[in-house]
Amino acid sequence: MLYIRLICVGKMRERFYLDAFAEYQKRLQSHCRLELCEIAEQRLPDAPSEKEVAAALAKEAEDILRAVPPDAYTVALCVEGKQMPSEGMAALIAEREGSGKPKLCFVVGGSCGLAESVKRRCDRRLSMSEMTFPHHLARVMLIEQIYRGFKINEGARYHK
């Protein structure tokens, strides 16, 4: 069974995000072993300097990199990443399931994004869209796309 770890910066508190995430987490139980790892988002002043942002990202990067399984195929969600259709997510899932290392890790940064050191560690950079989304919504969108990928692979009607 595929092991998927979502490493996300920040803690979701909004009930509507929590409910949506929980629904897809429940749906995925029969498809994979899913683990959510939340990393503390570093606090910044209202108008942080570039140096303050860089220091916060560096601290978050330490925690993220410690949480990445060493033998997992790792995907960073970042604005400069390449977009992928849902069928591409399905292909990635199928590839990892069939590999000798069935571990897949996704990293979702906080409001300031991800440090370059995290992006360099990742095997792939993925962009959800050219649009900007709240990072908690991106987390919900990601887990839905993971679920959709499994449904595509099994030929279910969920993907239309």
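Residues numbered from 1 in each chain as written. Predicted model: local features only at pLDDT ≥ 70, side-chain atom pairs only at ≥ 80, totals over all residues. Heavy atoms only, no water.

Please clarify how the packing of helix α3 (residues 86–98) against helix α5 (residues 135–153) should be interpreted in this entry.
Helix-helix packing is characterised by the crossing angle of the two axes and by the distance between the axes. Put simply, α3 and α5 touch, their axes get as near as 8 Å, and they point 70° apart. Taken as axis vectors, α3 and α5 run roughly perpendicular relative to one another. Residue-level inspection shows S86, E87, M89, A90, I93, A94 and E97 of α3 in contact with α5, the latter providing L142, Q145, I146, R148, G149, F150, I152 and N153. Residues belonging to the contact of α3 with α5 are distributed by class as follows: 8 nonpolar, 4 polar and 3 charged. (Axes fitted to C-alpha atoms, helices over the stretch in contact; angles between N-to-C directions. Helix = DSSP H or I, 4+ residues; strand = E, 2+ residues; numbered from the N terminus. Parallel < 35°, antiparallel > 145°, perpendicular 65-115°, else oblique. Contact = heavy atoms within 4.5 Å. Nonpolar A, V, L, I, M, F, W, Y, C, P; charged D, E, K, R; others polar.)

Is there a simple way to explain the pattern of salt bridges in this structure?
Proximity of charged atoms lets side chains of opposite charge pair with each other. All chains considered together, the criterion is met by 15 salt bridges. When the shortest N-O distance is used, the salt bridge between E23 and R27 registers 2.9 Å. Within this pair, E23 and its partner R27 are both found in helix α1 (residues 15–28), separated by 4 residues, close to a single helical turn. The partner of D71 in a salt bridge is K103, and the shortest N-O contact between them spans 3.2 Å. Of this pair, D71 sits in the loop between α2 (50–67) and β3 (73–82) while K103 sits in strand β4 (residues 103–108), and the two are 32 residues apart along the sequence. The class of D71 is partly exposed, set by a relative accessible area of 32%. By relative accessible area, K103 is classed as partly exposed at 29%. Through salt bridges that share partners, E80, E116, K119 and R125 make up one connected network. (Salt bridge = Lys/Arg side-chain N within 4 Å of Asp/Glu carboxyl O. Buried < 20%, exposed > 50% of the residue type's maximum accessible area, 1.4 Å probe, protein only.)

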